[in-house]
Amino acid sequence: MKPVEDLINQSKSGRESLKAHHLSYQFQNLHRGPSFAKNQNQKWKHPDDGLKEGEIQLIESVAHQMMTKLGYEPHSVGVKTQPTIFTEHDFAIFETINKRSIEQMYEQLKRENPGDFHRRQHQTEVLQFQPTLIDESN
């Protein structure tokens, strides 16, 4: 069996990867290989483009327990601060902001890449299907 790193590098130059990286801006980096992977997990720390302290606090407050289980070292929560406790009202505000941001993203995508926009609409419809068990006994 090939080493995992070889399998990953092979998949980045595979036929499906090369097709997909043209379909959506989300997949543009699929074919870059090591130049993309290097320091990718540290982008959030970049002083200009990275996450701000408040954003880190928000993310770690929501996900710090799972992040710790997965081996991530917290930056703020449990180190400098305690987790922020959110109210139901906070969640309602977050939901409104999230919906508005998604609408804006789709409007921009519709103008810039109509094909990608239509693929995402189809994906959204598929993800809304109710899951069903497949009966393999027949």
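The paragraphs below set out a description of the structure included in this document.

Rules of the game
Residues numbered from 1 in each chain as written. Predicted model: local features only at pLDDT ≥ 70, side-chain atom pairs only at ≥ 80, totals over all residues. Heavy atoms only, no water. Helix = DSSP H or I, 4+ residues; strand = E, 2+ residues; numbered from the N terminus. Contact = heavy atoms within 4.5 Å. Areas by Shrake-Rupley, 256 points an atom, 1.4 Å probe, with all protein chains shown as cover. Bend = angle between axes of the 7 residues up to and from the residue. Buried < 20%, exposed > 50% of the residue type's maximum accessible area, 1.4 Å probe, protein only. Patch = residues over 30% accessible without salt bridge, like charges linked within 9 Å, V, L, I, M, F, W, Y side chains within 5 Å. Salt bridge = Lys/Arg side-chain N within 4 Å of Asp/Glu carboxyl O.

1. Thoughts on the overall build of the protein chain
So, point 1. A tally of helices and strands in the protein chain yields six helices and zero strands.
So, point 2. In the protein chain, 32% of the contacts between residues at least 6 apart in sequence involve partners at least 24 apart.
So, point 3. Working note: accessible area of the protein chain is about 11800 Å², and carbon and sulfur atoms make up 57% of it.

2. Here we look at helix α4 (residues 53–69)
In an α-helix, one full turn covers 3.6 residues, which means residues spaced three or four apart are oriented alike.
So, point 1. Along its length, α4 shows its largest kink, about 75 degrees, at A63.
So, point 2. All of the buried residues along α4 are I56, Q57, E60 and S61.

3. Side note on a nonpolar patch on the surface
So, point 1. Together, L51, L58, I59, F91, I93, F94 and I97 make up an exposed nonpolar region whose accessible area comes to about 540 Å².
So, point 2. Those elements giving two or more residues to the nonpolar patch turn out to be α4 and α5 (88–112).
So, point 3. With four residues, the single largest contributor to the nonpolar patch is α5.
So, point 4. With respect to the secondary-structure elements, I59 resides in helix α4.
So, point 5. Judged by relative accessible area, which is 35%, I59 ranks as partly exposed.

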